[in-house]
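Commentary on secondary and tertiary structure
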Amino acid sequence: MPPPPAAEPQSAVGGEGAGSPAAGGRFNHQDSNRFSGAQRETSQHPCTLPSPSLLHSGVPGEAEPPTPELVEVEVGGTALLKCGPSHSPGNFSHVDWFSVHKEKPTLIFRVRKGQGQSEPGEYQHRLSLQDRGTTLALTHITPHDERIFLCQGKRPLSQEHRIQLRVYKAPEEPTILVNPLGISVNSKEPVEVATCVGRNGYPIPQVIWYKNGQSLKEEKNRVHIQSSQIVESSGLYTLESVLKAQLAKEDKDAQFYCELNYRLPSGNHMKESQEVTVQVFYPAEKVWLEVEPSGMLKEGDRVEIRCLADGNPPPHFTISKQNLSTKEIEEMTPEDTGTLVLESAQKEHSGLYQCQGLDLETMASLLSDQQELLVNYVSDIRVSPAAPESQEGDSLTLACEAESNQAVEFQWLREKTGQVLEKGPVLQLHNLKREAGGGYRCVATVPSVPGLNRTRLVHVAIFGSPWMMLKERKMWVSENAVLNLSCEASGHPRPTISWSVEGTAQERDQDPLSVLSVLSVLVTPELLETGAECVASNSLGRNSTTIFLELDSSRSTGPRVSTASPSVRANSTSTEKKLPEPESKGVAIVAVTVCVLVLAVLGAVLYFFYKKGKLPCGRSGKQEITLPPSRKSEFVVEVKSDKLPEEMGLLQGSSGDKRAPGDQVGSSSCGQRLPQLQVSGAAGADVSPNTNSVSPLPPPLLETGSRPVSAS
């Protein structure tokens, strides 16, 4: 038994074109006879049935073989190959499957008694039997599988069925590459505009080019489309299409893109690339000039003068300026972009400007229209007199002037307050006082040009002796601390400052008429005792400020730095003292409280003696209070009467009873005035209502338990 035909090697291309017999689905009569001859040679093969094509001898007029059944599948899918229509009768338990490549059939699969077996070769591991042996499944479809498959059945009748397998694969999204060099409108033939690439499609897709949404077609000497394809090792195609065209100036903003049309089993599809714009070069036809910002310009503005043209690339620009008064022309070189920048425009920049453009390709020169550039200005202000000074009580006139190409308005302001004193160039000051000295500002404004103005500050000096800040000042300081004392004085002529104590002094001018001196000193006992005096003097007199220093015990005695600075300005005749510090107020409150308590104790002592009947009511100057023998030597009570008799009634008993003569001290009645009481003894305390103070008892008396008369 001869072996079946061997499978031929796969083509490097991996598939046929649409016009090949295998790929095109046409299996002509000559191919049928050739295949029938092959069958005759193997007619004795037990597994091969005679083909029905053997009945066709090629005699003219006999029927052609039927058209193969078409099966479509995408790359990577599974193709189901049926051996005849599903409704056709027959026994498929004995079937052979062939693949036809280059008009040669190759056995790839056998079916015997419903059992399938693959033949060695490229399809060995991708074939399987389905539907009780009537369907052969081919998996993992590739473009190489696009061919005719043939099945032959033998029982009960010899059968043959051909299947044309079509394979499809959608290409990737197309990419488009624009010509980076650009296209000149002076080109005499079509130039490459862009290239469209569609990768990994099958079969080869169709490409269509568009410009501004309109499809492009071949046009002699205007549009040319050149396409080529590459077959990848996988059998897929990569399409490359190049669009060449002649472009005009109107195409400078044209949008180009390509479209890929392809077919899948589901129908026709298409994919579009992105839109691109190619750079078009064309000569300029017009040149013009622009100024930024527009509108009224003033000195100090940043101004840009731009030369523009309608050509691409723009021509080479130069700028000329003609002086309006002298008619002289000055050549200026702008930046590469054709822009001349005036960072701070001045009145000298005013004039007639014009741009000139030179096309370096055609060497044609174009001129723009002239445009006037006007920079509005105000000159520096001049004030007369430049350094004004006057005596107290006199008058002074200040005048300012400035030039401008526009109408100017003047006004005078007081520098320290901002108050408008006069609208106009002249300021009159009458009956001048010291307070009139200081800064005055003249402002020149151009109302027609917003933001255009000039100012000038002048200081008026009033002759006089120095003015000081404070006449006197008190400070709480810590001993051994480093103290910064400041002193400010003003006057004309400018005063100088000196200090009564040694230290490091620094001076600086506050304004042309004022000076500030800062003295750094160490707080010592001598400085606490004497204080520091600041003396300001000029040719017209002198003035001084005294700073008194008080030691603050609640503060640290370690080295530290504190500052004494003036806070309120005063003239030379004023005297100001700093209010007491919060600590001194507390001491006064405590002293008042102690006095009130002493008075309360004194009243209690007097009331106690009155109740005991031992308070003398007579007018005798001095009586001794009866005491036990052991205590007679301790106290002596001296009663001095310095009150009116009616005031003594305050100490009478509430019941109004009178004591026996033996219980009274003195011969006068108790209705007399309250006497002055003085208690004295060898170890006692003095009580004095006039001084509102109590002398504390000596420690020996407190230790022995002795008690003063006031003890109850």
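Below you will find a few notes about this structure. Small disclaimer: the values here were computed from a predicted structure and weren't measured.

Turning our attention to the sheet that holds strand β4 (residues 104-112). Strand order across the open sheet formed by six strands is β1-β9-β8-β3-β4-β5, with mixed pairing between neighbours. Each edge of the open sheet carries a strand with a single partner, namely β1 (69-74) and β5 (115-118). Neighbour-to-neighbour, the strand axes of the sheet open up by a mean angle of 25°, direction not taken into account. Pairing of strand β8 (residues 148-153) with strand β9 (residues 159-168) involves six bridges; the strand directions are antiparallel. Within β9, the position partnered with Ile-148 by the bridge is Gln-164.

This brings us to the sheet that holds strand β2 (residues 79-82). Spatial strand order, β2-β7-β6: three strands in an open sheet with antiparallel pairing. A strand with exactly one partner marks an edge of an open sheet, and here the two such strands are β2 and β6 (127-130). Direction aside, neighbouring strands of the sheet carry axes that sit 30° apart on average. Sheet analysis places β2 next to strand β7 (residues 135-138), joined by four bridges and oriented antiparallel. Residue pairing across strands places Leu-80 opposite Ala-137, the latter belonging to β7.

Moving on, we get to the packing of aromatic side chains. For the structure on display, the rule yields four aromatic pairs. With a centroid separation of 5.5 Å and an interplanar angle of 15°, the aromatic rings of Tyr-202 and Tyr-237 are classed as stacked. In this pair, Tyr-202 is assigned in the loop between β12 (191-201) and β13 (206-211) and Tyr-237 in strand β16 (residues 237-245), connecting sequence segments 35 residues apart. Just as Tyr-202 is buried, Tyr-237 falls in that class too. Summarising the aromatic geometry, the rings of Tyr-210 and Tyr-257 are spaced 4.9 Å apart at their centres and angled 5° between planes, so their arrangement reads as stacked. Of this pair, Tyr-210 sits in strand β13 while Tyr-257 sits in strand β17 (residues 256-264); the two residues are 47 residues apart in sequence, bridging distant segments of the chain. The side chain of Lys-347 reaches across the aromatic face of Tyr-377, ending 4.6 Å from its centre.

In this section: the pairing of strand β22 (residues 303-309). Within β22, five of the seven residues are buried, leaving the element largely enclosed by the surrounding structure. With four bridges connecting them, β22 and strand β25 (residues 339-342) associate as antiparallel partners. Paired with Arg-306 across the two strands is Thr-339, which belongs to β25.

Here the focus is unusual backbone geometry. The omega torsion across Glu-292 and Pro-293 is 5°, close enough to zero to call that bond cis. With respect to the element layout, Pro-293 can be found in the loop between β20 (287-292) and β21 (297-298). Here the amide bond leading from Asn-312 into Pro-313 is cis, since omega sits at 0°, within 30 degrees of zero. Of note, Lys-327 is a non-glycine position whose phi angle comes to about 65°, a positive value. Phi at Met-363 takes a positive value of approximately 60°, unusual for a residue other than glycine. As for its placement among the helices and strands, Met-363 is situated in the loop between β26 (351-358) and β27 (365-367). Overall, Met-363 belongs to the exposed group, its relative accessible area being 52%.

Turning our attention to the environment of Tyr-440. Relative to the elements of secondary structure, Tyr-440 occurs in strand β36 (residues 438-445). On the basis of relative accessibility, which here comes to 3%, the residue Tyr-440 falls in the buried class. Separated by 13 residues in the primary sequence, Tyr-440 and Leu-427 place their C-alpha atoms 9.7 Å from one another. Residue contacts for Tyr-440: discarding those within four places in its chain leaves Leu-398, Trp-412, Leu-413, Arg-414, Glu-415, Leu-421, Leu-427, Leu-429, Arg-456, Leu-457, Val-458 and Val-460. A polar atom in the side chain of Tyr-440 sits 2.7 Å from the backbone oxygen of Ala-436.

Moving on: the pattern of salt bridges. Here the structure, examined in full by the defined rule, presents 24 salt bridges. One salt bridge in this structure joins Arg-382 and Glu-401, with 3.5 Å as the shortest N-O distance. Of this pair, Arg-382 sits in strand β30 (residues 382-384) while Glu-401 sits in strand β32 (residues 396-401), and the two are 19 residues apart along the sequence. Classification of Arg-382 by relative accessible area gives partly exposed; the value is 37%. Note that Glu-507 and Arg-494 form a salt bridge whose closest N and O atoms lie 4.0 Å from each other. Of this pair, Glu-507 sits in strand β42 (residues 504-511) while Arg-494 sits in the loop between β40 (482-492) and β41 (496-499), and the two are 13 residues apart along the sequence. What you see here is one network of salt bridges that share partners, running through Arg-302, Glu-304, Arg-306 and Glu-343.

What counts, and at which threshold
- Residues numbered from 1 in each chain as written.
- Predicted model: local features only at pLDDT ≥ 70, side-chain atom pairs only at ≥ 80, totals over all residues.
- Heavy atoms only, no water.
- Pairing = 2+ DSSP bridges.
- Helix = DSSP H or I, 4+ residues; strand = E, 2+ residues; numbered from the N terminus.
- Axes fitted to C-alpha atoms, helices over the stretch in contact; angles between N-to-C directions.
- Phe/Tyr/Trp six-rings, centres within 6.5 Å; stacked < 30°, edge-to-face > 60°.
- Buried < 20%, exposed > 50% of the residue type's maximum accessible area, 1.4 Å probe, protein only.
- Lys NZ or Arg CZ within 6 Å of the ring centre and 35° of its normal.
- Contact = heavy atoms within 4.5 Å.
- Polar contact = N/O pair within 3.5 Å; in protein donor to acceptor, adjacent residues only side chain to side chain.
- Salt bridge = Lys/Arg side-chain N within 4 Å of Asp/Glu carboxyl O.

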